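# Geometric and topological summary
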Amino acid sequence: MSKIILTGDRPTGRLHIGHYVGSLRRRVELQNSGEYDKTYIMIADAQALTDNIDNPEKVRQNVIEVALDYLACGLDPAKSTLFIQSQISELCELTFYYMDLVTVSRLQRNPTVKNEIQLRNFEASIPVGFFTYPISQAADITFCKATTVPVGEDQLPMIEQTKEIVHKFNSIYAPESPVLVDPQALIPEDEACKRLPGTDGKAKMSKSLGNCIYLADTADEVKAKVMSMYTDPLHLQVSDPGHIEGNTVFTYLDAFARDEHFERYLPDYANLDELKAHYTRGGLGDVKVKKFLNNVLQEELEPIRNRRLEFAKDIPEIYNILKKGSDTAREAAAQTLSEVKHAMRIDYFADEELIKAQSEKYAR
Ligand code: TRP
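Since this is a predicted model, take the numbers as computed values, not measurements.

Another point: the packing of aromatic side chains. For the structure shown, the criterion picks out 10 aromatic pairs. When the centroid spacing of 4.9 Å and the interplanar angle of 55 degrees are considered together, the rings of Phe169 and Tyr173 count as tilted. Separated by four residues within a single helix, Phe169 and Tyr173 lie in helix α9 (residues 156–173), roughly one turn from each other. Relative accessible area serves as the criterion here: at 24%, Tyr173 is assigned to the partly exposed category. Through pairs of rings, three or more aromatic residues link up here, namely Tyr40, Phe83 and Phe143. One residue, Lys3, lies across the ring of Tyr36, its end atom 4.8 Å from the ring centre.

The subject of this paragraph is the nonpolar core. In terms of nonpolar packing, the biggest core is built from 55 residues, with Ile17, Tyr70, Leu215, Leu253, Phe256, Leu275 and Leu297 touching the most fellow members. With nine residues, helix α3 (residues 56–73) is the single largest residue contributor to this core. Those residues in contact with Phe256 that lie beyond four places of it in its chain are Ile17, Tyr20, Val21, Arg25, Leu196, His261, Val296, Leu297 and Glu300. Leu107, Val113, Ala138 and Ala174 belong to the second largest nonpolar core, which has 44 residues in total.

The next thing to look at is the site of the ligand. Around the ligand there are 13 residues in total, and Met42, Gln47, Gln137, Asp140 and Gln155 lie nearest to it. Contact between the ligand and Gln137: a nitrogen atom at 3.0 Å from a side-chain N or O atom of the residue. At a separation of 2.9 Å, a nitrogen atom of the ligand approaches a polar side-chain atom of Gln155. Counting residues per element, the ones that place at least two in the shell around the ligand are β1 (4–9) and α8 (133–142). Looking at the shell around the ligand residue by residue, the class counts come to six nonpolar, five polar and two charged.

This paragraph deals with unusual backbone geometry. Even without being glycine, Lys145 reaches a positive phi, approximately 60 degrees. Mapping Lys145 onto the fold places it in the loop between α8 and β4 (148–150). If you check the backbone angles, Arg345 has positive phi at about 65 degrees while not being a glycine. Topologically, Arg345 is positioned in the loop between α16 (315–343) and α17 (352–363).

Another point: the pairing of β1. One face of the sheet, then the other: side chains in a regular strand alternate in exactly this way. Counted residue by residue, β1 has five buried out of six residues, so it is predominantly covered. Across six bridges, the pairing between β1 and strand β2 (residues 38–43) is parallel. Across the sheet, Asp9 pairs through a bridge with Ile43, a residue of β2. After leaving β1, the chain enters helix α1 (residues 17–33) and then returns to the sheet as β2, a path that is right-handed.

Turning our eyes to something else, we now look at the pattern of salt bridges. Any two side chains of opposite charge can pair, so long as their charged atoms come close to each other. A full pass over the atoms with the stated rule returns 24 salt bridges. Note that Arg10 and Asp51 form a salt bridge whose closest N and O atoms lie 3.7 Å from each other. Here Arg10 is found in the loop between β1 and α1, whereas its partner Asp51 is found in the loop between α2 (45–49) and α3, with 41 residues between them in sequence. With respect to burial, Arg10 and Asp51 carry one shared label: buried. Glu116 serves as the salt-bridge partner of Arg10, at 3.6 Å between the closest nitrogen and oxygen. Of this pair, Arg10 sits in the loop between β1 and α1 while Glu116 sits in helix α6 (residues 111–119); the two residues are 106 residues apart in sequence, bridging distant segments of the chain. Accessibility expressed as a relative area gives 18% for Arg10, which makes it buried.

Moving on to the packing of helix α4 (residues 90–98) against α8. At their nearest, the axes of α4 and α8 sit 8 Å apart, and the two run at 125 degrees to each other. In terms of orientation, α4 lies oblique with respect to α8. Crossing handedness for the pair α4 and α8: right-handed. Contact with α4, carried on its side by Leu91, Leu94, Thr95 and Tyr98, involves Ile135, Ser136, Ala138, Ala139, Asp140 and Thr142 of α8 and no other residues of that element. For the contact of α4 with α8, the per-class residue count stands at six nonpolar, three polar and one charged.

Per the domain assignment, the segments of the chain are domain 1 (4–195 + 314–357) and domain 2 (221–311). Its C-alpha centre places domain 1 at a distance of 35 Å from the equivalent point of domain 2. Each partner contributes to the interface: domain 1 provides 18 residues, whereas domain 2 provides 13 residues. Carbon and sulfur atoms supply 62% of the area that domain 1 and domain 2 bury against each other, a total of about 1,300 Å² over both sides.

What counts, and at which threshold
Going along each chain's sequence as written, the residues are numbered from 1 onward. Thresholds applied to this predicted model are a pLDDT of at least 70 for local features of residues and 80 or more for the giving and counting of side-chain atom pairs; totals over whole chains, interfaces and linings are not thresholded and use all residues. Each side-chain value is derived from all of the structure's non-hydrogen atoms; neither hydrogens nor water enter the calculation. Aromatic pairs are defined between Phe, Tyr and Trp rings, using the six-membered ring for Trp, whenever the two ring centres lie within 6.5 Å; interplanar angles under 30 degrees are classed as stacked, those over 60 as edge-to-face, and all others as tilted. A run of H or I in DSSP counts as a helix once it spans at least four residues, and a run of E counts as a strand once it spans at least two, with each numbered from the N terminus. Buried, partly exposed and exposed residues are distinguished by accessible area as a fraction of the type maximum, computed with a 1.4 Å probe on protein chains only: under 20%, between the cut-offs, and over 50%, respectively. Over a ring means this: the NZ of a Lys or the CZ of an Arg is within 6 Å of the ring centre and within 35 degrees of the ring normal. To form a nonpolar core, buried Ala, Val, Leu, Ile, Met, Phe, Trp, Tyr and Cys residues must be joined to one another through side-chain atoms within 4.5 Å. Contacts are assigned to residue pairs that have any heavy atoms within 4.5 Å of one another. Near is defined per residue: the residue qualifies when any heavy atom it owns lies within 4 Å of the molecule or strand. Two N or O atoms form a polar contact when they lie within 3.5 Å of each other; inside protein one atom must be a possible hydrogen donor and the other a possible acceptor, and for residues adjacent in sequence the pair counts only when both atoms belong to side chains. Put simply, Ala, Val, Leu, Ile, Met, Phe, Trp, Tyr, Cys and Pro go in the nonpolar bin, Asp, Glu, Lys and Arg in the charged bin, and everything else, Gly too, in the polar bin. Between any two strands, pairing holds if DSSP finds at least two bridges. Assignment of crossover handedness uses the view with strands pointing away from the viewer, where a clockwise path from the first strand over the helix to the second indicates a right-handed crossover. The salt bridge definition used is simple: a Lys or Arg side-chain nitrogen within 4 Å of an Asp or Glu carboxyl oxygen. Lines fitted to the C-alpha atoms define the axes, with helices restricted to the stretch that makes contact. Angles between their N-to-C directions range from 0 to 180 degrees. For classification purposes, an angle smaller than 35 degrees is called roughly parallel, one larger than 145 roughly antiparallel, one from 65 to 115 roughly perpendicular, and anything else oblique. In this scheme, a crossing is called left-handed if the near helix is turned counterclockwise away from the far one by less than a right angle; it is called right-handed if the turn is clockwise. Each domain's extent was defined by an automatic or database domain assignment. Note on terms: buried area is the combined drop in 1.4 Å-probe accessible area of two parts once they are placed together, counting the loss on both.

So this is what it looks like as structure tokens:
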């Protein structure tokens, strides 16, 4: 069986380093590993509209921002199909049929949806489109028969929902030879990468909280954000013992620092464990740790930032890439949709047997 990757992001803002360690970095490695037959990367504009009904222009403007972030990180249109969700109308058709396989109470139990309903104060006035987006996400994942879905941990309930739809579809409509493919989520192993907190120490990086470091941030912006990061509120003097747990600077170091960074920027320590031990003992100031983190981040982000600026010089070409990718994705979606319709017994005009059998019935 082919190994196929699909994943994507909602274009509601530029991507930040939480996206990067949570999924982007991994995608690029997977793309370059040569182990996958195909890689699809989707800009989920239609899904973004489900909770941005009043703000279509925001979604429209951010499609290119996300595309630039993708290319800057090393997603390569020669190896990966980059496309825009709304351009694949087959996804709507698949969603419509999958809706028959999911109950309202199942959707109500989806932890991600529950959480997001709270976050957005939807409560009693949840748009149906938003409520059902896990079903549309199942269409995103199955149209290309994805086997592997690299995502952040918060997306696990979506993959779970997709698996249920796949199993139910196959068992009802295609018991002999399955049409849909069961996807596996791929989430970061590292705890710090699973959920990178905001620079203010809050649980999540989010644009509305203003606590993000963006891939497109300038060197000065990154530095200013790092130097004002949340650390350990009890660590007032350099000599005080400090806490690592819940200390955002150390969480970021967990996600980004490697031993060779110490050689280059902080040779007094061999590795992160030694640095943490000193901090915990007392006698190590926040500023020193922050300066180190800044060096580490700058090293990782500078090439991304520079590539982004290069790509941004030719915006029409980026739209070309997305258009080509969308054409490719559409072909795959049309193929799967025709198999789905065949399995569901709604392929009337393609089924000569049906027409023949009914002609015979009435000829008697
Ligand atoms: N729900 C994802 C997010 O909010 C975006 C997304 C849409 C996605 N469709 C997908 C991710 C399919 C993986 C697979 O980030």
